[in-house]
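Listed here are the chains, written in short residue letters.
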Amino acid sequence: MSTLIQDIRYALRMLAKSPAFTLVAVLTLGLAIGANTAIFSVVNAVLLRPLPYPHSEQLVRVFGKQPQLDLAPNSPANFLEWKDENQVFERIGTYVGKGFNLLGGDKPERVIGARVSADVLPLLGVQPALGRFFANDEDQEGRAQVVILSHDFWQRRFAGDPNTLRQTITLNDKPYTVIGVMPAGFAFPSTRTQVWVPMAFSAAERQTRDTNYIDVIARLKSGVSLEQARANMDAVARSQAERYPKSNVGVGVTVRSLQDHIVGDVRPMLVVLLGAVAFVLLIACANVANLLLARAAARQREMAIRGALGASRSRVVRLLLTESVLLAIVGGGVGLLLAFWSLDLLVSLKPANLPRLAEIGINRTVFLFTLSVSVITGLLFGVAPAWQVSKMDLNEGLKESSRGGSDSPRRHRMRALLVISEVALSLVLLVGAGLMIRSFSRLLAVDPGFKADHVLTAFVSLPVSKYPKREEQTAFFDRLLERLRNVPGVSAAGLVTDIPLYGGSSTGFDVEGRPPAAPGQRAMTDYRLTSPDYFAAMGMKLVKGRAFSRYDNETGPGVVIINETLAAHFFPGEGPIGKRLDLSGDPKDLREIVGVVADVRNYGVDAEVKPEVYVPFLQSAPEYLSGIVSAMTIVMRSAIEPAALGAALRDQVQALDKDQPVSEIKTMEWYLADSMAQRRFNMLLLGAFAGLALVLAAVGIYGVIAYTVTQRTHEMGIRIALGAKGGDILRLVFVNAMATTLAGIALGLAAAFALTRLLQSLLYQVSPTDPVVFAAIPLLLVGVAVIATYLPARRAMKVNPITALREP
């Protein structure tokens, strides 16, 4: 221990004696370790830490499995049978997101909530901060209206008053009694959920098998594996298919761990980013190792004297490694500060689907990771210089030191190898970033099927208790549209049940005159209810036929408009106009196709277009569409800045109903940008790390070439004295630099060709071996190497032969 303390004191003195070297090394390591720490803090929170529930590994999501969809929502009747017939779940519950209009404050407010069965919150294992969960008898239709509040909602609405229990709040024009408050940080099923009410299936819902809209969560019994749960639920699904062939043939069950479901989609992205920052760290290690090798040449006399006085090779290596590790720990401290400061920026760049954001931060695990990386880094970049120095021949070392610390061939080779590795690693990162940039540019060029500029959207949900009849709901929205058309600056106003880019509802359908599909095998299509002016407001192109009119109402014949994909798949080589579709399974409910519109990217700009039908919201609808018109999204196209219409929109809604809130007031440009947030996040971070790697590689090339020129000053003077021209000296320096750079490029291309396949799932319409990127990046690196070499080369050209020859 005393020897270690002595080595640490000596290392501190030596680092203090070389402030320029120490500053450069610490900053280089700080940037690299900071990047690793920041990304690891995200990976740790999202992927590595268990979910914030007791024994979270037992929590699973249970999905329906349909012919065209593996992770489908479920029907109430199927769920109720799962609850009774399964043998693997300790508890199983169901939930569905639901919005509420909250009254009683200064103005009406839209609150995001959820209907949950009585088992859902208890099976998660988190106890209320106040009050209790729902009782089983409260989860029945017609029982007392009760509600549980989120901690944030409780603080905001009731100022954290502990006497909140048994008070009432008005949701959708109904009084609900507060029976509980969840603890701070609890968020289920989404971070936006503020209230929970009982699921309380109606009698009609309990019989529903062909309408799938609920989500299911369960806790496995102790000792039951995921595979056993899947086998048991497969047996239950087969039994249901035999008993209910009309609705359940072809319908299975998928059981997936809750953690996998939450983080599965972002895992590839985070693994790639973690690999990228690891490459940056390796490049930083190579840079600092080169600095240490150069510094070792100046310390040859010191090490030779130590050896001559009896210091063993292991003693010299330990002394130098202590210095390296100490340097890395200081760099790690700087990196930890940088990571702490950069986390807010990192979170602000988050993709829309990055889960567990609230859990991202610098904690004990992240601190230990940073410390471990710092120590390993210190050993990594310190071992090669230390070993090289320890192998030095004492007589040769003293001779070399007498000449001012000239370089040895083995150290020159070592520095060249380090530069080659830097160039190779940088190329891999730059190729990855280039692929992401090229992919994102392809994404920006995709036509979403609508014109996002100058379009404002807003969500309005009418409480069914106040507007119980469909006619009342359609009348409200029809009057609202009439008012909005007269607002100055509005050129078109329409309604739709689901805006583009974020999915929609689907149903099976048959084409009139063709054999009906077998049960469970009907073709599927998305559907949206729209008003006549929706297509004009969204800037959608009508390809054939006509748009909806006011005459497409409850007294008119049933009509639909289809998209190009449905027309191409189901009416190839024939005109779809005039054909009729059965959307409800009722042959009496046939709807004539009156138009075809251009495809719209309803599941994201990078997602495949699905068949889709549009139904007039004014027309009477069969049971599968009933009630939907109580919640609609308003779409307004304006000649002015659309955000300026928000206040006017609220005024027009509340002129019709002062208790009706308006929520989600956003532009379509916001939605379009948000839909590409994940790919933008990937591109920006990978591009930033690649840029950092490029800078470090350029510094590494410059440092090695500059040091080589310094060491060869005597040789350059002799060459010039013997008649060498400036061009000859320039060529000599550039040949050495380019040989090292090209070797690194060759190695990097081979590695990139193998590793970029890991990016396949993150790319859009770009091959992981895209020839444009693989050609451009080496040229970029060559250009950077030329710039990094130019300054040392110019200095070599200006060597004064007389001065150089006088040097010992």
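Residues numbered from 1 in each chain as written. Predicted model: local features only at pLDDT ≥ 70, side-chain atom pairs only at ≥ 80, totals over all residues. Heavy atoms only, no water.

Novice: Help me understand the overall build of the protein chain in this model?
Specialist: A tally of helices and strands in the protein chain yields 25 helices and 22 strands. Out of the 808 residues belonging to the protein chain, those deemed buried represent 52%. Considering only residue pairs separated by 6 or more positions, the protein chain has 82% of its internal contacts joining residues 24 or more positions apart. (Helix = DSSP H or I, 4+ residues; strand = E, 2+ residues; numbered from the N terminus. Buried < 20%, exposed > 50% of the residue type's maximum accessible area, 1.4 Å probe, protein only. Contact = heavy atoms within 4.5 Å.)

Novice: Explain unusual backbone geometry to me, please; I cannot follow it from the model alone.
Specialist: Trans peptide bonds make up the majority, and among non-glycine residues the majority have a negative phi. Residue Pro189 is bonded to the preceding Phe188 through a cis peptide linkage, with omega at 0°. Along the polypeptide, Pro189 turns up in the loop between β8 (174-181) and β9 (195-198). For His454, which is not glycine, the phi dihedral falls at a positive 60°. Residue placement: His454 occurs in the loop between α15 (409-444) and β12 (455-461).

Novice: Looking at this model, I keep getting lost on the packing of aromatic side chains. Mind explaining?
Specialist: Geometry of an aromatic ring pair is reported as the spacing of the ring centres plus the angle between the planes. The full count for this structure, using the stated rule, is 14 aromatic pairs. An angle of 65° between the planes, with centres 4.9 Å apart, marks the rings of Tyr95 and Phe188 as edge-to-face. Of the two residues, Tyr95 is situated in strand β3 (residues 89-103) and Phe188 in the loop between β8 and β9; the sequence distance between them amounts to 93 residues. The exposure class of Tyr95 is buried, given its relative accessible area of 5%. Consider the rings of Phe535 and Phe548, whose centres lie 5.9 Å apart with planes at 50°: the pair is tilted. (Phe/Tyr/Trp six-rings, centres within 6.5 Å; stacked < 30°, edge-to-face > 60°.)

Novice: Explain the pattern of salt bridges here, please?
Specialist: Should their charged atoms come close, side chains of opposite charge can pair. Applying the stated rule across the entire model yields 26 salt bridges. Residue Asp119 is joined to Lys83 by a salt bridge in which the shortest nitrogen-to-oxygen separation is 2.9 Å. Taken as a pair, Asp119 in the loop between β4 (109-116) and α4 (120-124) and Lys83 in helix α3 (residues 76-85) lie far apart in primary sequence, 36 residues in all. By relative accessible area, Asp119 is classed as buried at 10%. The shortest N-O distance in the salt bridge between Glu482 and Arg485 comes to 3.2 Å. Taken as a pair, Glu482 and Arg485 lie in helix α16 (residues 470-485) at a separation of 3 residues, close to a single helical turn. The exposure class assigned to Arg485 is partly exposed, which follows from its relative accessible area of 27%. Because the salt bridges share partners, they merge into one network encompassing Glu81, Glu85, Arg209 and Arg243. (Salt bridge = Lys/Arg side-chain N within 4 Å of Asp/Glu carboxyl O.)

Novice: Where do I start with the confidence of the model for the protein chain in this structure?
Specialist: Residues with a pLDDT of 70 or more make up 87% of the protein chain, whose mean pLDDT is 85. This stretch, residues 400-405, has a pLDDT under 50; its non-local contacts, to residues over four places away or in other chains, come to 12 contacts. (pLDDT = per-residue confidence, 0-100.)

Novice: In this structure, what is going on with the pairing of strand β20 (residues 612-616)? I would like to understand it.
Specialist: Here is the key point about a regular strand: its side chains alternate between the two faces of the sheet. Most of β20 sits out of view: 5 of its 5 residues are buried. Pairing of strand β15 (residues 523-530) with β20 involves 5 bridges; the strand directions are parallel. Along β20, the bridge assignment pairs Arg528 with Tyr614. Pairing of strand β17 (residues 559-563) with β20, which is carried by 2 bridges, proceeds in the antiparallel orientation. Considered in β20, the bridge of Ile561 is made with Tyr614. (Pairing = 2+ DSSP bridges.)

Novice: Mind showing me how you'd approach the environment of His151 here?
Specialist: Note on placement: His151 falls in helix α5 (residues 151-158). Spatially, the C-alpha atom of His151 lies 5.6 Å from that of Met182, the residues being 31 residues apart in sequence. Leave out the neighbours within four places in its chain, and His151 touches Val181, Met182, Pro183 and Ala184.

Novice: What should I look at first to understand the environment of Asp70 in this one?
Specialist: By the secondary structure assignment, Asp70 is in strand β2 (residues 69-72). Placed 183 residues apart in sequence, Asp70 and Val253 show a C-alpha to C-alpha distance of 8.3 Å. Excluding residues within four positions of it along the chain, Asp70 makes contact with Phe63, Gly64, Lys65 and Thr254.

Novice: Explanation requested: a nonpolar patch on the surface in the structure shown.
Specialist: On the surface, a cluster of nonpolar side chains totalling about 600 Å² of accessible area is made up of Leu31, Leu337, Leu338, Phe340, Trp341 and Ile362. At 4 residues, the largest contribution of residues to the nonpolar patch is made by helix α12 (residues 313-348). Among the secondary structure elements, Phe340 is positioned in helix α12. (Patch = residues over 30% accessible without salt bridge, like charges linked within 9 Å, V, L, I, M, F, W, Y side chains within 5 Å. Areas by Shrake-Rupley, 256 points an atom, 1.4 Å probe, with all protein chains shown as cover.)

Novice: In this structure, what is going on with helix α20 (residues 668-675)? I would like to understand it.
Specialist: Quick reminder: α-helices carry 3.6 residues per turn. Residues three or four places apart thus point the same way. Among the residues of α20, Met668, Tyr671 and Leu672 are the ones counted as buried. Around the axis of α20, the buried residues are gathered within 100° of arc, so they sit on the same side. In this fold, the buried residues of α20 make contact with β12, α17 (534-538) and β22 (663-667). (Arc of directions from axis to C-beta.)

Novice: Mind showing me how you'd approach the packing of α16 against helix α19 (residues 646-656) here?
Specialist: A pair of packed helices is characterised by two quantities: the angle between their axes and the separation of those axes. The interhelical angle for the contact between α16 and α19, taken along N-to-C directions, is 140°, at an axis separation of 10 Å. As judged from the angle between their axes, α16 and α19 are oblique. Of the two possible hands of crossing, α16 and α19 adopt the one that is right-handed. Along the contact surface, α16 presents Phe476, Arg479, Leu480, Arg483 and Leu484, while α19 presents Leu649, Gln652, Val653, Ala655 and Leu656. Broken down by class, the residue content of the contact of α16 with α19 amounts to 7 nonpolar, 1 polar and 2 charged. (Axes fitted to C-alpha atoms, helices over the stretch in contact; angles between N-to-C directions. Parallel < 35°, antiparallel > 145°, perpendicular 65-115°, else oblique. Left-handed = near helix turned anticlockwise from the far one by under 90°. Nonpolar A, V, L, I, M, F, W, Y, C, P; charged D, E, K, R; others polar.)

Novice: Hey, could you run me through the packing of α3 against helix α7 (residues 226-243) in this one?
Specialist: For the pair α3 and α7, the least separation of the axes is 11 Å and the interaxial angle reads 130°. When the axes of α3 and α7 are compared, the pair comes out oblique. In the crossing of α3 with α7, the sense of the turn from one axis to the other is right-handed. In this structure, α3 contributes Asn78, Glu81, Trp82 and Glu85 to the contact, and α7 contributes Met233, Val236, Gln240 and Arg243.

Novice: Hey, could you run me through the pairing of β4 in this one?
Specialist: Most of β4 is tucked away, with 6 of its 8 residues classed as buried. Looking at chain direction, β3 and β4 are connected through 8 bridges and run antiparallel. The partner of Val96 across the bridge, within β4, is Arg115. Hairpin geometry of β3 and β4 is characterised by an intervening segment of 5 residues between the two adjacent antiparallel strands and by a positive phi of about 115° at Gly104. Where β4 lies against β9, 4 bridges are found, and the strand directions are parallel. Looking across to β9, one finds that Ala114 is bridged to Trp196.

Novice: For this particular structure, what's the right way to read the side chain of Ser638?
Specialist: With respect to the element layout, Ser638 can be found in strand β21 (residues 631-638). Within the local environment of Ser638, its side chain forms a polar contact with the backbone oxygen of Ile640, the two atoms lying 2.7 Å apart. (Polar contact = N/O pair within 3.5 Å; in protein donor to acceptor, adjacent residues only side chain to side chain.)

Novice: Would you take a moment to explain the side chain of Ser374 for this structure?
Specialist: Along the chain, Ser374 falls in helix α13 (residues 364-390). Taking the relative accessible area as the measure of exposure, Ser374 reaches 2% and is therefore buried. Contacts of Ser374, omitting those with residues within four sequence positions, involve Ile33, Ala328, Ile329 and Gly332.

Novice: What exactly am I supposed to notice about the environment of Tyr603 here?
Specialist: By the secondary structure assignment, Tyr603 is in the loop between β19 (590-597) and β20. Its relative accessible area of 30% is what places Tyr603 among the partly exposed residues. A sequence separation of 101 residues divides Tyr603 from Tyr502, and the C-alpha atoms of the two residues are 5.2 Å apart. Leave out the neighbours within four places in its chain, and Tyr603 touches Leu501, Gly503, Gly504, Asp526 and Lys610.

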